Amino acid sequence: MAFDETKTEGFKVVGTRPNRPDGIDKVTGRARFGADATAPGMLHGVIVRSPHAHARILKIDTSEAEAMKGVHAVVTRADFATGLTGENWNILENVMAGETALYDGHAVVAIAATSSLAARDAAKAIVVDYEVLPHVTDVDKAMAEGAPVIREGAADKSVPAGLHPNVVRYHESGHGDVETGFAEADLVIEDSFRTEATHQGYIEPHACLAQLGNDGRGEIWCCTQGHWNVQKVCAALLGIETSKLRVTASEIGGGFGGKTAVFIEPVALALSLKANRPVKIVMTRSECFRATGPTSSTSMDVKIGMKKDGTITAAKGVFRLQGGAFPGAPMEFTAMCAFAPYNLANVSQIGFDVMSNRPKQAAYRAPGSPMAAFAVESVIDELCEQLGLDRIETRLKNASKEGTKASFGPTWDRIGLVECLEAAKAHPHYTAPLKPGQGRGISCGFWFNHGGETAVQMALSEDGTVQLSVGTPDIGGSRASMAQMAAEELGIPYENVRTTIADTATLGYNEISHGSRVTYASGLATIEAARDTIRKLCKRAAAKWGIDEEAVSWVDGCAVPSGPNAGDFDPLPIARIAKSMGRTGGPIVGHYEATPEGAGVSFATHIVDAEVDPETGSTRVVRYTVVQDAGKAIHPTYVEGQYQGGAAQGIGWALNEEYIYGADGRLQNAGFLDYRIPVASDLPMIDTVIVEVPNPGHPYGVRGVGETSICPPLAAIANAVSAAAGVRLHELPMSPPRILAALEKQAAG
Amino acid sequence: MSQIHVTTTVNGDEVEFLCDPRETMLDVLRDRLGLTGAKEGCGTGDCGACSVTLDGRLVCSCLMLGAEAEGREIGTVEGIATDEDLHPLQKKFIEYAALQCGICTPGILVATKNLLEKNPDPTETEVRYWLAGNLCRCTGYDKIIRAVMDTAAEMRGAS
């Protein structure tokens, strides 16, 4: 939807930086997260997981465990619904293995006991007999001839004939003729790249408290990015009606896409049904790494042709993504994001979704996009290097803008890439002197952003404050930005709006908090609910004054007579209408429900300075600047926080983080000691520039900001390393051993 | 297995509890004393979300047994604010948006309060290294470091 009157100036609350409403709860320890809930009679559930990468489950003997003190229930796959198809079957198979364990960490059986110690002791007494099968965990090996087949018949119709059965989906898009384009180029560079799987690394492990009674009615409290999705999936997996479950989203201790998926909630429900008591399950950190979704690992080939003046004549990419033991690796996003920043006459992108014996991948902040940018922006950097071109000028020369036909089909509306590149060029960082041993890299990045099903309700309290109910879990401060937009529209103070994340029994369906959709879609719905509330407020004033509703306007939190009645009556403040609403027609509640489709895409440009220690191969990021288009920053401090957080995760992905599998197919580093995310002493301050090119699809121009910030860092850092050390790394992470190997190879000539 | 009786002090209050000999201090705080401010992010001493003080020394409560609390003094995030007011660190963390999801915040606040008690005038590098054992995945640490530095300056000015 397009808004004819996108408000771009004159804001009173939007654009300010008020304190978040959940701030005090979160600095005092009062905030209640997934693992912080208890219920009378509660049991603790523990899941027993496969130690094998691929194994037939021959027998599960729970007799000894069930005889132990405090044990109340054991569930296996037999306790879940049968006859599921499609993604519901995939999720069930992942939540609890059927005949075969498909990866190290795959759930096989679960047990509930009166304490977590009792449950863990009992879990150790469960005996599972396995027949170990051949496995594969590498993306290229998984699609090569002779690789063990994860599951026959998993491929959909998109896959061309003749490919390995582990290739389960295929994507192809583009336009023009790349061969003609390459022939026009003065220089063509083709290179191959690999990235390892990384984990979202939210500090709060998955946790839930579930109750399902013999009457078929149940409740779940859990940390999730989307509680309506939890409701829907759990009902399907348990074989009950969706409406029988009520799900409440707790405070969420980080998600980054990883908490869009369902893992433990159906297990807790099944245990609860058997024991007829509430069951709590809290994952360990090791379980998070082994059994929840990391991002895909990739193998990519990128070929780009360029003229001496910097014009890109053609671009081609092949992107192979390993998504674990189930279909769903976001290879189409990788393909579509790869060349999105550039205006290309000839472009071709191909994606492969490949299954392997690893955990089912889950979304991770702009799923699929950062890897594409790593490959594409590395090749562009190399072209600039060899042709002696300026990195930003070359990108500006080819930049997508309004009216450009995008690499994957649509024609761009108003977008802000040129503005980001110009802001990066003008930033003092871009021209600051470097010290010896340091190098500077830049990269662009792209993410779609998203709308999705959204329902919001706004209830007026008798004191004139507003109770705003939204259905999108607050994963980055969205309660504050919602309250700002409501206050802006209503003309009341920010503090007079209280935002609550409502449960599934309170609002209509709300899609998951993903796709950078919350400030856009729930924000749009909040503004529209406020407008609905204002119409109702004006109606009360009109009735009081005995004039037409159309003759009442809403100005600065007050109903005022307008048109022919202007000045006839004193303004009627919201608090006075609220005070008397019981006598003037009853409670006043505004609402809005829609599937907004005007999400505005966003682009970013990052600048990074890196220093490589030639003795240890260790790389240190010494300066970092994020430039990104927010459309409109509702709460600029929280927008900066999203920019900084995405950059930090990208730094980890580029330099340290990786899933390491042994020859036995087991994950070797399932803990924060060995899977090393950036710590405070690893990072510099992260400078931010908020570019605002309004999105015409939102009343205030919001685009969404959460994801784009992780797209450029991998390439920007690789380019900085190349500039600093003179070696170009084609594989992530650029950990010290890889850098050292590259330096040694270079020295050997 | 029989349980152990422990008498200890938590945030200035004397408390008694029974615990399994294998039970961690973190589990005792959360499950037996109802103090869920300390969080379990890893259970292996890598993330710092469970940070508490033990007789004034910063420890990971997931690496300490509940039974070890006998006769000691434990400080948790719930004890940082006074009856009347938030601690200056808590105010600055909110003002600077030094938290996004807030799961690491209790541990980081316990750790930084402990730092400022030992070193009221830390450099940025000292703050970064002191907090290297407290993982935050949301913020990139920028706003956390700024909030700590500003709090330290303000507290020096006030004392």
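Residues numbered from 1 in each chain as written. Chains lettered and ligands numbered in written order. Predicted model: local features only at pLDDT ≥ 70, side-chain atom pairs only at ≥ 80, totals over all residues. Heavy atoms only, no water.

**Considerations on the packing of helix H3 (residues 105–118) of chain B against helix H5 (residues 142–158) of chain B**
Relative orientation and spacing of two packed helices are given, respectively, by the angle between their axes and the distance between those axes. Residues and elements named next belong to chain B. Where we set the bar: Angles here are taken between N-to-C directions and fall from 0 to 180 degrees, while the axes themselves are lines fitted to C-alpha atoms, restricted in helices to the stretch in contact. For helices the rule is a DSSP run of H or I covering at least 4 residues; for strands it is a run of E covering at least 2, with both sets numbered from the N terminus onward. Should the near helix be turned anticlockwise from the far one by less than a right angle, the crossing is left-handed, and should it be turned clockwise, the crossing is right-handed. What makes two residues a contact is simply this: any of their non-hydrogen atoms within 4.5 Å. In this classification, Asp, Glu, Lys and Arg are treated as charged, Ala, Val, Leu, Ile, Met, Phe, Trp, Tyr, Cys and Pro as nonpolar, and every other residue, Gly included, as polar.
The geometry of H3 relative to H5 is characterised by a closest axis approach of 11 Å and an angle of 40 degrees between their N-to-C directions. When the axes of H3 and H5 are compared, the crossing they make is right-handed. Residue-level contacts link Ile 108, Thr 112 and Leu 116 of H3 to Ile 144, Val 148, Thr 151, Ala 152 and Met 155 of H5. Taken together, the residues of the contact of H3 with H5 break down into 6 nonpolar, 2 polar and no charged.

**A closer look at helix H13 (residues 417–426) of chain A**
Residues and elements named next belong to chain A. Going by this rule: Think of it in three bands: with a 1.4 Å probe and only protein chains considered, a residue is buried below 20% of the maximum accessible area for its type, exposed above 50%, and partly exposed in between. Comment: arc refers to directions from the helix axis out to C-beta atoms.
All of the buried residues along H13 are Leu 417, Cys 420, Leu 421, Ala 423 and Ala 424. In a view along the axis of H13, the buried residues occupy a sector of 160 degrees, so they form one face of it. Tucked into the core, H13 has its buried residues touching helix H12 (391–398), helix H14 (428–431), strand E16 (438–447), strand E24 (602–612), strand E25 (619–629) and strand E26 (686–691).

**A look at the packing of aromatic side chains**
Residue and element names in this part refer to chain A. The condition is simple: In this analysis, rings of Phe, Tyr and Trp, with Trp reduced to its six-membered ring, are considered paired at centre separations within 6.5 Å, and the interplanar angle assigns stacked below 30 degrees, edge-to-face beyond 60, and tilted for intermediate values. Here, over-ring charges are defined by two tests on the NZ atom of lysine or the CZ atom of arginine: distance to the ring centre within 6 Å, and angle to the ring normal within 35 degrees.
Going through the model one piece at a time under the given rule, you end up with 20 aromatic pairs over all chains. What links up through ring pairs into an aromatic cluster is the set Phe 333, Phe 408, Trp 412, Phe 446, Trp 447, Phe 448 and Phe 603. Cation over ring: Arg 32 sits above Trp 221, and NZ or CZ is 4.7 Å from the ring centre. Above the ring of Phe 182, the side-chain terminus of Lys 303 is found at 4.5 Å from the ring centroid.

**Details of the packing of H12(A) against H13(A)**
All names here are of chain A. Formally: Small angles under 35 degrees read as roughly parallel and large ones over 145 as roughly antiparallel, with 65 to 115 read as roughly perpendicular and the rest as oblique.
Packing of H12 against H13 leaves a shortest axis separation of 10 Å and a crossing angle of 165 degrees. As the angle between them shows, H12 and H13 are arranged roughly antiparallel. Here H12 and H13 pass one another in a crossing that is left-handed. Of H13, the residues touching H12 (which contributes Ile 392, Glu 393, Arg 395 and Leu 396) are Val 418, Leu 421, Glu 422, Ala 424 and Lys 425.

**Some words on the nonpolar core**
This is how the line gets drawn: Residue types Ala, Val, Leu, Ile, Met, Phe, Trp, Tyr and Cys, when buried and joined through side-chain atoms within 4.5 Å, form a set referred to as a nonpolar core.
Counting 181 residues, the largest nonpolar core has Val267(A), Ile304(A), Ile717(A), Met734(A) and Phe93(B) as its most contacted members. It is helix H11 (residues 369–387) of chain A that provides the largest number of residues to this core, a total of 9 residues. For Ile304(A), the residues in contact, after removing those within four places along its chain, are Phe182(A), Leu187(A), Val188(A), Ile189(A), Ile312(A), Ala314(A), Ala315(A), Phe339(A), Val376(A), Val379(A), Ile380(A) and Leu383(A). Within the second largest apolar cluster, 52 residues are counted, among which are Phe11(A), Trp554(A), Ala559(A) and Leu572(A).

**A word on the domain arrangement of chain A**
Residue and element names in this part refer to chain A. Here is the rule: Boundaries of every domain are those given by an automatic assignment or by a domain database. Buried area: the sum, over both parts, of the accessible surface (1.4 Å probe) that disappears when the two are put together. One side-chain nitrogen of Lys or Arg within 4 Å of one carboxyl oxygen of Asp or Glu is enough to make a salt bridge. Pairing of N or O atoms within 3.5 Å defines a polar contact, subject to two protein rules: one partner must be a possible hydrogen donor and the other a possible acceptor, and residues neighboring in sequence count only if both atoms are side-chain atoms.
Segmenting chain A into domains produces domain 1 (23–31 + 451–594), domain 2 (34–134 + 203–284) and domain 3 (414–449 + 602–747). The C-alpha-based centres of domain 1 and domain 3 are spaced at 38 Å. In this complex, domain 1 contributes 16 residues to the contact, which on the side of domain 3 involves 17 residues. Summed over both sides, the interface between domain 1 and domain 3 buries roughly 1200 Å², with carbon and sulfur atoms accounting for 60% of that surface. Inspection of the region where domain 1 meets domain 3 yields 0 salt bridges. Where domain 1 packs against domain 3, one counts 6 residue pairs in polar contact (both at pLDDT 80 or more).

**A word on H11(A)**
Residues and elements named next belong to chain A. Going by this rule: Expected span of a helix, by definition, is 1.5 Å for each gap between consecutive residues, and there is one gap fewer than residues.
With 19 residues, H11 should cover 27 Å at 1.5 Å per step; its first-to-last C-alpha distance of 27 Å lies within 8% of that length. Counting buried positions along H11 yields 16 of 19 residues, so the element is predominantly enclosed. One or two residues past the end of H11 sits Gly 388, with phi positive at roughly 65 degrees.

**As for the interface of chain A and chain B**
Tallying the contact residues gives 49 residues for chain A and 44 residues for chain B. Interface area lost by chain A to chain B is led by Val27(A), Ile203(A) and Met685(A), which between them contribute 19%. Seen at the junction of chain A and chain B, the total is 5 salt bridges. On inspection of chain A and its partner chain B, the count reaches 22 residue pairs in polar contact (both at pLDDT 80 or more). With 9 residues, the top contributor of residues to the side of chain A that touches chain B is helix H18 (residues 636–655) of chain A. Residue composition of the side of chain A that touches chain B, grouped by class: 25 nonpolar, 16 polar and 8 charged.

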